[in-house]
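Residues per chain are reported as follows:
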Amino acid sequence: VIGHVALSESIESDKHFLHPIVRVMLKYDKKIYLRERPKEYFFEVGKMCLAIEDYVNYGENVTDAVNRILANYIGKTKFQPRFLLKYQHSEGDNKRLNYLFMVCLDSEKVLKGKELKGGKLWTETQITENIGQSYFSNAFETEFEYIKSTVMMADNYCNCKANNFQI
């Protein structure tokens with residue numbers, strides 16, 4: 001197999017490989033749902049971050065990965081993830097290729113599921129007040145600048161229905 005590497009190899013190799021990760025921002029009523037990074041994550045455990053994140057599996061494309069990940073966290077839904085950003089993120093010895101997606105929710109019910117519990121909805125102001133205080137993950141702080149200048153700004157200028165929101 002050429003062009004693929006095992007997840008364990010990419011984690012252990014000193015920045016040689018970029019293992020793709022799908023991150024999904026859940027947005028409801030102009031707020032972003034964040035929760036603490038779980039214990040099973042490799043780094044920044046306990047820091048506030050996007051609630052949904054997982055690696056792209058071997059042989060899987062990013063679109064299939066985001067659909068699989070949403071099904072695992074939320075179950076089969078009518079929500080259509082919107083691609084926002086692709087970027088490289090380095091953290092210590094770990095270098096990742098992140099794909100950021102957004103799902104606009106029309107109800108808070110989805111956030112009550114067992115896979116997502118323990119988080120809360122944050123306003124732009126609350127996030128801005130806590131940036132740089134070592135409260136959020138580095139990946140989220142990197143993404144938030146983009147989110148703030150696109151998604152959150154668009155909220156101020158349009159009256160968009162949850163699933164019809166477009167960037």
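Our structure's up above, just so we're on the same page.
Just so you know, these numbers come straight off a predicted model, no measurement behind them.

Reading guide: rules and limits
Residues numbered from 1 in each chain as written. Predicted model: local features only at pLDDT ≥ 70, side-chain atom pairs only at ≥ 80, totals over all residues. Heavy atoms only, no water. Salt bridge = Lys/Arg side-chain N within 4 Å of Asp/Glu carboxyl O. Helix = DSSP H or I, 4+ residues; strand = E, 2+ residues; numbered from the N terminus. Buried < 20%, exposed > 50% of the residue type's maximum accessible area, 1.4 Å probe, protein only.

S.K.: Which parts of the structure should I look at to understand the pattern of salt bridges?
M.R.: Note that side chains of opposite charge can pair when their charged atoms are close. Under the defined criterion, the tally for this structure stands at 6 salt bridges. The partner of Arg23 in a salt bridge is Glu53, with the nearest N and O atoms 2.3 Å apart. You can see Arg23 sitting in strand S1 (residues 19-28) and its partner Glu53 sitting in strand S4 (residues 52-55), a full 30 residues away along the chain. What makes Glu53 buried here is its relative accessible area of 7%. Counted as one network, the salt bridges with shared partners bring together Arg23, Arg37, Glu53, Arg96 and Glu143.

S.K.: Please clarify how unusual backbone geometry should be interpreted in this entry.
M.R.: Note: most peptide bonds trans; most residues except glycine with negative phi. You will see that Asp29, though not glycine, has its phi angle at about 50°, which is positive. By secondary structure assignment, the location of Asp29 is in the loop between S1 and strand S2 (31-36). Overall, Asp29 belongs to the exposed group, its relative accessible area being 53%. Unlike most non-glycine residues, Lys30 shows phi in positive territory, near 65°. Take Lys30: it is sitting in the loop between S1 and S2.

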